[in-house]
Amino acid sequence: MNQFINKPYRSLLTLVGGILLLSALSSCHSSEGKEEEAESEAPEAPAALEVFSLTKGKLASSLQLPGELVAFRDVDIYARVTGYIKTLNADVGSEVKKGQLLALAEAPELGAQLASAESKLKAQEALSIASKANYERILEASKFSGAVSKNDVDQALAKRNADLAQLDAAKSAYREVADLRQYLQIRAPFDGVISARNASTGAYVGPAGKGSEFPLFVLTEQKRLRLVVSVPETYTGYVDQNDQVSFTVKTFPDKTFTGQVKRLAGALDKRLRSERVEVDVINNDKKLLPGMIAEVNIPLPTKNSTFIVPKSAVVNSTTGIFLIRVKDKKAEYVPVKRGIEANDKVEVFGQLTEGDQFITAANEEIRDGTPVNVK
């Protein structure tokens, strides 16, 4: 009898035990899932970022610009008076010295004018001598009482002065014609090379627009050249007089030439927004020619100490240019302006304090005001 009673109880106990075990296992799995879910929902700690201390320094960079070589002096030479070329003493490529005779023209009418002016001058000299002698005789006679009236003396003096004035006018007329004859000799105004010749012996020449459509000669100074460069507005503050620049030309790609900044325009070209800068280039060997295009290297050293930062620290966003400062373990955006660049460094300007900590590799994902973990 007891055996039949104990058996159902054993089965019931077994069933209750199984239920309790399943319940315990279920609760265990539930707690583990909650812990895993809680761990996945926990915020990740921000990654440690590298920072640097802001310091001042001087940044040296350079600017590559195209330039043009032009003659230091270049002049079109015309005949001063109309005439015909009698002789030519220079041709294209001739090296000439200042005052050297380049050509001689002839104008027969000038000879006739000079002869006429000379004869008028001699006649006026004779009249002036006669009136002077007459005035002196009358003046001497007037010293004796009643011999000559005062009016006769005054008239003689006026005649002498008038003839003297006419003599001066005759001298001026003669010098004018004589000077015109000197202009028949066409001479070089400075040392240089004849780069163009537009007339031959016997050609009719004269002032520009009066017998000469083109200049008789073009004289170019080659031993000194001007290198003309247009410096953009951004960089004009870095270029000063007497700065040394270097340049190359296509004709001599393996050779570097140098020059010195001598002239700055002092104003910007309204169309190009740049300043004209002229560099003097010594060209004694005449390898460089006017008209050559040069690739110019202009050094851009900073004049004063400025804040220098890595390029990677500058954030270029749609709202502006920033550095990210670390203050009280939080990110702080600081607006800046960029200066010149060199290698991986850049000048920055803004409300900055030396010694502040800034993020080295900054980007827009680091929001303003978010916590920052510093290495």
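Thresholds applied
- Residues numbered from 1 in each chain as written.
- Predicted model: local features only at pLDDT ≥ 70, side-chain atom pairs only at ≥ 80, totals over all residues.
- Heavy atoms only, no water.
- Helix = DSSP H or I, 4+ residues; strand = E, 2+ residues; numbered from the N terminus.
- Buried < 20%, exposed > 50% of the residue type's maximum accessible area, 1.4 Å probe, protein only.
- Contact = heavy atoms within 4.5 Å.
- Areas by Shrake-Rupley, 256 points an atom, 1.4 Å probe, with all protein chains shown as cover.
- Salt bridge = Lys/Arg side-chain N within 4 Å of Asp/Glu carboxyl O.
- Pairing = 2+ DSSP bridges.
- Polar contact = N/O pair within 3.5 Å; in protein donor to acceptor, adjacent residues only side chain to side chain.

Q: How should I be thinking about the overall build of the chain in this particular structure?
A: Per the secondary structure count, the chain includes three helices and 24 strands. Expressed as a percentage of the 375 residues in the chain, the buried residues total 31%. Of the contacts formed within the chain by residues at least 6 apart in sequence, a portion of 76% connects residues at least 24 apart. For the chain, the accessible surface area stands at approximately 23,600 Å², while carbon and sulfur atoms represent 53% of it.

Q: Before we go on, may I ask you to explain the pattern of salt bridges in this structure?
A: For side chains bearing opposite charge, pairing can occur when the charged atoms are close. Evaluated as defined, the whole model comprises 15 salt bridges. Between Arg276 and Glu278 there is a salt bridge, and its shortest N-O distance comes to 3.0 Å. According to the relative accessible area criterion, Arg276 is partly exposed, its value standing at 43%. Glu278 sits in the buried class, given a relative accessible area of 10%. Note that Glu341 is salt-bridged to Arg338, the shortest N-O span being 2.3 Å. By relative accessible area, Glu341 is classed as partly exposed at 32%. Residues joined in a network through salt bridges with shared partners are Arg226, Arg263, Arg276, Glu278 and Asp280.

Q: Help me out: how do you make sense of the environment of Pro207 in this one?
A: Position of Pro207 relative to the elements: it lies in the loop between β11 (204–205) and β12 (217–220). For the pair Pro207 and Arg80, spaced 127 residues apart in sequence, the C-alpha to C-alpha distance is 5.4 Å.

Q: Honestly, the sheet that holds strand β9 (residues 185–187) in this entry has me stumped. Any pointers?
A: In sheet architecture, strand pairing relies on hydrogen bonds along the backbone and comes in two forms, parallel and antiparallel. Pairing is antiparallel in the open sheet, where four strands are placed in the order β9-β8-β6-β11. Among the strands making up the open sheet, the edge pair consists of β9 and β11. Where strand β8 (residues 101–106) lies against β9, three bridges are found, and the strand directions are antiparallel. Pairing of Leu101 across the sheet is with Arg187, part of β9.

Q: When you look at the pairing of strand β13 (residues 224–232) in this model, what are you seeing that I'm missing?
A: Residues in a regular strand project their side chains so that they alternate between the two faces of the sheet. Pairing of strand β4 (residues 60–71) with β13 involves five bridges; the strand directions are antiparallel. Note that in β13 the partner of Gly67 across the bridge is Val229. Sheet analysis places β13 next to strand β16 (residues 274–282), joined by nine bridges and oriented antiparallel. By the bridge assignment, Val231 is partnered in β16 with Glu275.

Q: In this structure, what is going on with the side chain of Gln124? I would like to understand it.
A: Summarising the element assignment, Gln124 is placed in helix α2 (residues 108–141). In terms of polar contacts, Gln124 uses its side chain to reach the backbone carbonyl oxygen of Asp163, at 3.3 Å. If sequence neighbours within four positions are ignored, Gln124 has contacts with Asp163, Gln166, Leu167 and Ala170.

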